[in-house]
Amino acid sequence: MIEKFSIGIDIVNVDRFSSKSYSKNKEFYAKIFTKNEINYCIKFKDPYTHFAGKFALKEAVIKAIDKKIDLLDIETFHKNNIPQVKLKNEINYSSISSISHENNVAVAVFLLELYD
């Protein structure tokens, strides 16, 4: 079994999302986030830091896999308070991810291990 490691990182200004109210821009959010991701974010008092974090993680995934993939084919979720990623129609892999928020910035890192 051949293994390949890859890493992606992305940083997002929270204003990209807080400037677009979810209640007035649902179609915009539906093009980027799955229903589960949206439901997760809107349960918080300030959902926009969470939207920014999830978007940063999706971008980090795209950088790590180094191929064209639709944002909706990447689903982020939390298991035991740890960010996780589920890729639709993808190859055999394992991953580690992290998201952090500080002031008006969200950053995410995604480490991918591919198996042939």
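Notes on the structure in this doc start here.

## A closer look at the environment of Ser95
With respect to the element layout, Ser95 can be found in strand β4 (residues 93–102). As a C-alpha pair, Ser95 and Lys43 span 52 residues in sequence and 26 Å in three-dimensional space. Non-local contacts of Ser95, meaning those with residues more than four positions away in its chain, are made with Phe110 and Leu111.

## Let's talk about the packing of helix α3 (residues 35–42) against helix α4 (residues 47–65)
Running from N to C, α3 and α4 point in directions that differ by 145°, and their axes come no closer than 8 Å. Where α3 abuts α4, its residues Glu37, Ile38, Tyr40, Cys41 and Ile42 lie against Pro47, His50, Phe51, Lys54 and Lys58. Of the residues belonging to the contact of α3 with α4, the class tally is six nonpolar, one polar and three charged.

## Some thoughts on the nonpolar core
Core analysis: the largest hydrophobic core is formed by 29 residues, its most contacted members being Phe17, Tyr29, Phe33, Phe51 and Phe110. Listing elements by their share of this core, those giving two or more residues are α3, α4, β3 (82–87) and β5 (105–115). Here this core takes ten residues from α4, the largest share from any one element. If sequence neighbours within four positions are ignored, Tyr29 has contacts with Phe17, Lys20, Ser21, Tyr22, Ile38, Tyr48 and Phe51.

## Let's talk about the packing of aromatic side chains
Applying the stated criterion across every chain yields a total of 13 aromatic pairs. Ring centres of Tyr48 and Phe51 lie 6.3 Å apart, and the angle between their planes is 40°; on these two criteria the pair is classed as tilted. On the criterion of helical spacing, the pair formed by Tyr48 and Phe51 is a turn pair, its members being three residues apart in helix α4. This pair shows no difference in class: Tyr48 is buried, exactly as Phe51 is. Here the basic side chain of Lys20 rests over the ring of Phe28, its NZ or CZ set 5.0 Å away from the ring centre.

## As for the pairing of β5
Successive side chains on a regular strand alternate, one facing one side of the sheet and the next facing the other. Where strand β1 (residues 3–13) meets β5, eleven bridges bridge the pair, whose relative direction is antiparallel. Note that in β5 the partner of Val12 across the bridge is Ala106. In terms of strand pairing, β4 meets β5 through ten bridges, oriented antiparallel. What sits directly across from Ile99, in β5, is Ala108. Where β4 hands over to β5, the hairpin turn is made up of two residues, of which Asn103 adopts a positive phi near 50°.

How each quantity is defined
Residues numbered from 1 in each chain as written. Predicted model: local features only at pLDDT ≥ 70, side-chain atom pairs only at ≥ 80, totals over all residues. Heavy atoms only, no water. Helix = DSSP H or I, 4+ residues; strand = E, 2+ residues; numbered from the N terminus. Contact = heavy atoms within 4.5 Å. Axes fitted to C-alpha atoms, helices over the stretch in contact; angles between N-to-C directions. Nonpolar A, V, L, I, M, F, W, Y, C, P; charged D, E, K, R; others polar. Core = buried A, V, L, I, M, F, W, Y, C linked by side-chain atoms within 4.5 Å. Buried < 20%, exposed > 50% of the residue type's maximum accessible area, 1.4 Å probe, protein only. Phe/Tyr/Trp six-rings, centres within 6.5 Å; stacked < 30°, edge-to-face > 60°. Lys NZ or Arg CZ within 6 Å of the ring centre and 35° of its normal. Pairing = 2+ DSSP bridges.

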